[in-house]
Amino acid sequence: MFQRIDHVGIACHNLEEKIEFYESTFGLVVVSREVNEEQGVREAMLHVADGDGGASYIQLLEPLHPDTAVGKYLSKRGEGVHHIGYGVADVAKAMADIAAKGVRLIDERPRHGSMGASIAFLHPKDVGGVLTELVETPRH
């Protein structure tokens, strides 16, 4: 079902400072910046590597407001890994297959994600405490 680890989402207080850190320390390059009002975040995708299943990224997330999901995460847990995104061929099919196995879905249907992807989240309580995102990259 999973084709690759698409990205690791990292919650941070200051997006610009974290971008500078990842660029200067690891040599990563920002390939996309977006503001996602629906999810309440300002984000940057930094390219890590390309593989047979597609590219992998680090996604840095800064909350737009303290009462957003990422804002609440930061106030409770501090900066760090927020979620893991796995690449799938068909997010709707993956959702149905996973739900049929008893894993709760946070999203009832796919929604817009970074860089034009279709995404959906799985409930962390059913995935060992890990917020898990399914990511279907757009076909070009």
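For the structure, check the block above.
Anyway, here's the lowdown on the structure attached to this text. Computed from a predicted model, the values in this text were never measured in an experiment.

Section: the environment of Glu16
Here is step 1: Residue position: Glu16 is located in helix α1 (residues 15–26).
Here is step 2: Along the chain, Glu16 and Glu62 lie 46 residues apart, while their C-alpha atoms are 9.3 Å from each other.

Structural notes on the nonpolar core
Here is step 1: Judged by nonpolar contacts, Ile10, Cys12, Leu15, Ile19, Tyr22, Leu28, Ala44, Leu46, Ile58 and Leu60 together constitute the single largest core of ten residues.
Here is step 2: Residue assignment for this core shows that the elements contributing at least two residues are α1, β3 (41–51) and β4 (54–63).
Here is step 3: Among the elements that make up this core, the one with the highest residue count is α1 (three residues).
Here is step 4: Dropping the residues within four chain positions of it, Ile19 is found in contact with Val30, Arg33, Ala44 and Leu60.
Here is step 5: Counting residues in hydrophobic clusters, the runner-up holds nine residues, among them Val88, Ala94, Ile98 and Leu134.

Some points on the packing of aromatic side chains
Aromatic rings considered in pairs are described by the distance between their centres and by the relative angle of their planes.
Here is step 1: Under the counting rule described, the total for this entry stands at four aromatic pairs.
Here is step 2: Consider the rings of Phe2 and Tyr86, whose centres lie 4.1 Å apart with planes at 5°: the pair is stacked. One end of the pair, Phe2, is in the segment before β1 (4–11); the other, Tyr86, is in strand β5 (residues 80–87), and 84 residues separate them in sequence.
Here is step 3: On the basis of relative accessible area, Phe2 is assigned to the partly exposed category, the value being 42%.
Here is step 4: Relative to Phe26, the ring of Tyr22 has its centre 5.5 Å away and its plane inclined at 45°; by these criteria the two rings are tilted. Here the residue Tyr22 and the residue Phe26 both occupy positions in helix α1, the gap between them amounting to four residues, near one helical turn.
Here is step 5: Clustering of aromatic rings is evident, with ring pairs tying together Phe21, Tyr22 and Phe26.
Here is step 6: The lysine or arginine in question, Lys18, covers the ring of Phe21, its NZ or CZ lying 5.9 Å from the ring centre.

Remarks on the environment of Gly54
Here is step 1: With respect to the secondary-structure elements, Gly54 resides in strand β4.
Here is step 2: Separated by 33 residues in sequence, Gly54 and Gly87 place their C-alpha atoms 8.2 Å apart.
Here is step 3: Ignoring any residue separated from it by four or fewer positions in sequence, one finds Gly54 in contact with Arg4 and Ala49.

Side note on unusual backbone geometry
Here is step 1: Backbone geometry places Met115, a non-glycine residue, at a positive phi of 55°.
Here is step 2: On the secondary structure map, Met115 appears in the loop between β6 (111–112) and β7 (118–122).

Each value, and the rule that gives it
- Residues numbered from 1 in each chain as written.
- Predicted model: local features only at pLDDT ≥ 70, side-chain atom pairs only at ≥ 80, totals over all residues.
- Heavy atoms only, no water.
- Helix = DSSP H or I, 4+ residues; strand = E, 2+ residues; numbered from the N terminus.
- Core = buried A, V, L, I, M, F, W, Y, C linked by side-chain atoms within 4.5 Å.
- Buried < 20%, exposed > 50% of the residue type's maximum accessible area, 1.4 Å probe, protein only.
- Contact = heavy atoms within 4.5 Å.
- Phe/Tyr/Trp six-rings, centres within 6.5 Å; stacked < 30°, edge-to-face > 60°.
- Lys NZ or Arg CZ within 6 Å of the ring centre and 35° of its normal.

So far we have only geometry, and geometry alone does not tell us how the molecule works.
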